[in-house]
Amino acid sequence: LQRELAALGFFPDSKINGVYGPLTEASVLRYQLDRKIISSVSDTGAGYVGPSTLRFLRLDQRNILYRLVRAQGWKAL
């Protein structure tokens, strides 16, 4: 999760540690607000990863890989 958020610019690379702490929760919250998964910090599920957030993360990951392959070809993978 932290790696995915870092790849999208929502989590600092140097802080990746695999722990779902306050920094990860804040990063998830920023991601959710940015992608309009939630509309405010008081929404149900704000800061936590559920089905909608996972779906958006997977879509973002797929788009990153698609752009990479389009730019560099299959050898990029």
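Described below are features of the structure shown in this document.

## Some thoughts on the nonpolar core
So, point 1. Among the nonpolar cores identified, the biggest contains seven residues, and these are Leu 5, Ala 6, Phe 10, Phe 11, Val 28, Tyr 31 and Leu 57.
So, point 2. Excluding residues that lie within four positions of it along the chain, Leu 5 makes contacts with Phe 10, Phe 11, Ser 27, Val 28, Tyr 31 and Leu 57.

## Brief notes about a nonpolar patch on the surface
So, point 1. Among the surface-exposed residues, Leu 1, Tyr 20, Tyr 48, Val 49 and Leu 54 lie close enough to one another that they form a single nonpolar patch of about 430 Å² accessible area.
So, point 2. Mapped onto the secondary structure, Leu 1 falls in the segment before α1 (2-7).
So, point 3. Leu 1 gets classed as partly exposed once you look at its relative accessible area, which sits at 39%.

## Notes on helix α3 (residues 51-72)
So, point 1. Relative to the 32 Å expected for 22 residues at 1.5 Å per residue, α3 spans 31 Å between its end C-alpha atoms, a close match to the ideal helical length.
So, point 2. Of the positions making up α3, those classed as buried are Thr 53, Leu 57, Asp 60 and Val 69.
So, point 3. On the buried face of α3, the contacting elements are α1 and α2 (22-34).
So, point 4. Count one or two residues on from α3 and you reach Gly 73, which has phi positive near 85 degrees.

## Quick word on the packing of aromatic side chains
So, point 1. Enumeration according to the criterion identifies two aromatic pairs in this entry.
So, point 2. Measuring from ring centre to ring centre gives 6.3 Å for Tyr 20 and Tyr 48, while their planes differ by 20 degrees; the resulting arrangement is stacked. In this pair, Tyr 20 is assigned in the loop between α1 and α2 and Tyr 48 in the loop between α2 and α3, connecting sequence segments 28 residues apart.

So, how was this worked out
Residues numbered from 1 in each chain as written. Predicted model: local features only at pLDDT ≥ 70, side-chain atom pairs only at ≥ 80, totals over all residues. Heavy atoms only, no water. Core = buried A, V, L, I, M, F, W, Y, C linked by side-chain atoms within 4.5 Å. Buried < 20%, exposed > 50% of the residue type's maximum accessible area, 1.4 Å probe, protein only. Contact = heavy atoms within 4.5 Å. Patch = residues over 30% accessible without salt bridge, like charges linked within 9 Å, V, L, I, M, F, W, Y side chains within 5 Å. Areas by Shrake-Rupley, 256 points an atom, 1.4 Å probe, with all protein chains shown as cover. Salt bridge = Lys/Arg side-chain N within 4 Å of Asp/Glu carboxyl O. Helix = DSSP H or I, 4+ residues; strand = E, 2+ residues; numbered from the N terminus. Expected span 1.5 Å × (residues − 1). Phe/Tyr/Trp six-rings, centres within 6.5 Å; stacked < 30°, edge-to-face > 60°.

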